[in-house]
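# Report on the structure
Listed below are the residues making up each chain.
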Amino acid sequence: MGIVNMDWKQLVMILIACLLLYLAIAKGFEPLLLVPIAFGMLLSNLPLSGVMNGAISSIEPVGVTANGAIEAGIHTKTPGGLLYYLFQGDELGIFPPLIFLGVGAMTDFGPLIANPKNILLGAAAQFGIFFTFIGALLLGFTGPEAASVSIIGGADGPTAIYLTTKLAQHLLAPIAVAAYSYMALVPIIQPPIMKALTTKEERSIVMTQTKTVSKKVKIIFPVAVTIVVSLLLPAAATLIGMLMFGNLLKECAVTDRLSETATNALMNIVTIFLGLSVGASAQADIFLSSQTLKIFALGVVAFGIGTGAGVMCAKLMNKFTKEKINPLIGGAGVSAVPMAARVAHKVAQEENPGNFLLMHAMGPNVAGVIGSAVAAGILLSLFG
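Criteria and thresholds
- Residues numbered from 1 in each chain as written.
- Predicted model: local features only at pLDDT ≥ 70, side-chain atom pairs only at ≥ 80, totals over all residues.
- Heavy atoms only, no water.
- Axes fitted to C-alpha atoms, helices over the stretch in contact; angles between N-to-C directions.
- Helix = DSSP H or I, 4+ residues; strand = E, 2+ residues; numbered from the N terminus.
- Parallel < 35°, antiparallel > 145°, perpendicular 65-115°, else oblique.
- Left-handed = near helix turned anticlockwise from the far one by under 90°.
- Contact = heavy atoms within 4.5 Å.
- Nonpolar A, V, L, I, M, F, W, Y, C, P; charged D, E, K, R; others polar.
- Phe/Tyr/Trp six-rings, centres within 6.5 Å; stacked < 30°, edge-to-face > 60°.
- Buried < 20%, exposed > 50% of the residue type's maximum accessible area, 1.4 Å probe, protein only.
- Expected span 1.5 Å × (residues − 1).
- Salt bridge = Lys/Arg side-chain N within 4 Å of Asp/Glu carboxyl O.
- Arc of directions from axis to C-beta.

Moving on, we come to the packing of helix α11 (residues 186-197) against helix α19 (residues 339-351). It is the contact of α11 with α19, at a shortest axis distance of 10 Å, that shows an interaxial angle of 50°. When the axes of α11 and α19 are compared, the pair comes out oblique. Taken as a pair, α11 and α19 cross one another with a handedness that is right-handed. Across from V186, P187, Q190, P191, M194 and K195 in α11, the residues of α19 making contact are M339, A340, V343, A344, V347 and E350. Residues belonging to the contact of α11 with α19 are distributed by class as follows: nine nonpolar, one polar and two charged.

Right under this line is the structure:
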């Protein structure tokens, strides 16, 4: 029986999994992310469940050839658990780019194209990544480990998984869970930071309507971004390429079936597989360590600094532009799409119920998606 083989670490992880399920179901904290992650964590920490056990094989003689040589074959004694095989999609870097494909197919880059200044806000929000990288080095992490930990500040779970599988695979469980947990907690983490760095007058700024972007420009944009970014930073080509391919499927108007599949069926399937396998990687012996506590602490610092840097960049831009920017949209420069944009919109409406910031906030938000992929490419180029 499993109950007689349970130790206190497994019990703690089961309680954490139940807490995450409660937050996802009862409080609505990004249930599409937290429910699969929490349930995968629950399954892998149940004693003797074997869902993350690897296959056990041996090479055994199977016969003798005509010339007397012994023939050997691989004999599988234990086939391995289901989630172990799903986890290969994380380890091999397959699931994160597929998530980017779906995100691209769901994303409208129109607000970013209409107001290119939003690129600065998306870039500023990545400051938390590089600040935290230095902090991780000071806490004793190696260069590749520090790079993997710091990418949590981009608030982009797939990017965090992709980079960690390339640089520090042994840290995948805590980094993946931290990244997705903070993405789910965007509505709690961001508002206090936004309010602390802005005045009531700044939060009440009403922005003018964005320009309309032509269909031709929207089709050219993903192709141009893929070429430019990949030529400047080849390490980012996979993530940027899948993101922009998904967007091209959406905008070109001749691949509606493919766009719909990427947006719905494919995205949902990969989200289930990714969530379950990421959660299952958080096994008690690996997860409950001082290193994990450092990763979670650094992750929230990275996230907070990224949010603050975006807000401060917007305030700085207001000193040089005629049309004022509501600084709240700078906080949406982190890559959590569209949660961060919704948070900026909600905080603005608390001051002025008639202020609709959502589409304005989507500009920095989608810029942050590109920015986090570029930041990952830089770190991968340095340490890969």
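Now that the structure has been shown, the text picks up again.
So, on to the packing of aromatic side chains. With the rule as written, the count across this model stands at seven aromatic pairs. Arranged with centres 5.1 Å apart and planes meeting at 75°, the rings of Y84 and Y85 form a pair that is edge-to-face. Judged by its relative accessible area of 43%, Y85 falls in the partly exposed class. Pairing F287 with F296 gives two aromatic rings, centres 5.9 Å apart and planes at 80°, and the pair type is edge-to-face. On the basis of relative accessible area, F287 is assigned to the buried category, the value being 6%. Members of the aromatic cluster, joined through ring pairs, are Y182, F287 and F296.

Attention now moves to helix α14 (residues 237-251). With 15 residues, α14 extends 20 Å between its outermost C-alpha atoms, agreeing within 8% with the 21 Å of an ideal straight helix rising 1.5 Å per residue. Residues of α14 that are buried include every one of L239, I240, G241, L243, M244, G246, N247, L249 and E251, and no others. Of the surrounding elements, those touching the buried residues of α14 are α4 (95-106), α9 (157-167), α13 (215-232), α15 (256-280) and α20 (358-383). Downstream of α14 by a residue or two, A253 has a phi angle that is positive, lying close to 70°.

Before going further, it helps to spend a moment on the packing of α4 against α15. The description of two helices packed together rests on the angle between their axes and the distance between the axes. α15 packs onto α4 with a crossing angle of 145° between their chain directions and a minimal axis gap of 8 Å. Judged by the twist between their axes, the crossing of α4 over α15 is left-handed. Note on element contacts: α15 touches α4 through S259, A262, T263, L266, M267, V270, T271, F273, L274 and S277, opposite F95, L98, I99, L101, G102, V103, A105 and M106. Its residues assigned to classes, the contact of α4 with α15 shows 13 nonpolar, five polar and no charged.

Bringing the pattern of salt bridges into the picture now. For the coordinates displayed, the defined rule picks out seven salt bridges. With its nearest N and O atoms 3.2 Å apart, the salt bridge here joins K218 to D108. Here the residue K218 occupies a position in helix α13, and D108 occupies one in the loop between α4 and α5 (110-114), the gap between them amounting to 110 residues. A relative accessible area of 25% places D108 in the partly exposed class. When the shortest N-O distance is used, the salt bridge between K215 and E251 registers 3.1 Å.

Okay, helix α3 (residues 82-91) next. Restricting attention to buried positions, one finds in α3 the residues L83, L86, F87, G89 and D90. Viewed end-on, α3 has its buried residues packed into an arc of 135°, placing them on one side of the element. Its buried side turned inward, α3 meets α2 (31-44), α4, α9, α10 (172-184) and α15. Phi turns positive, to about 70°, at G93, one or two residues after α3.

What is shown is where atoms sit, not what they do.
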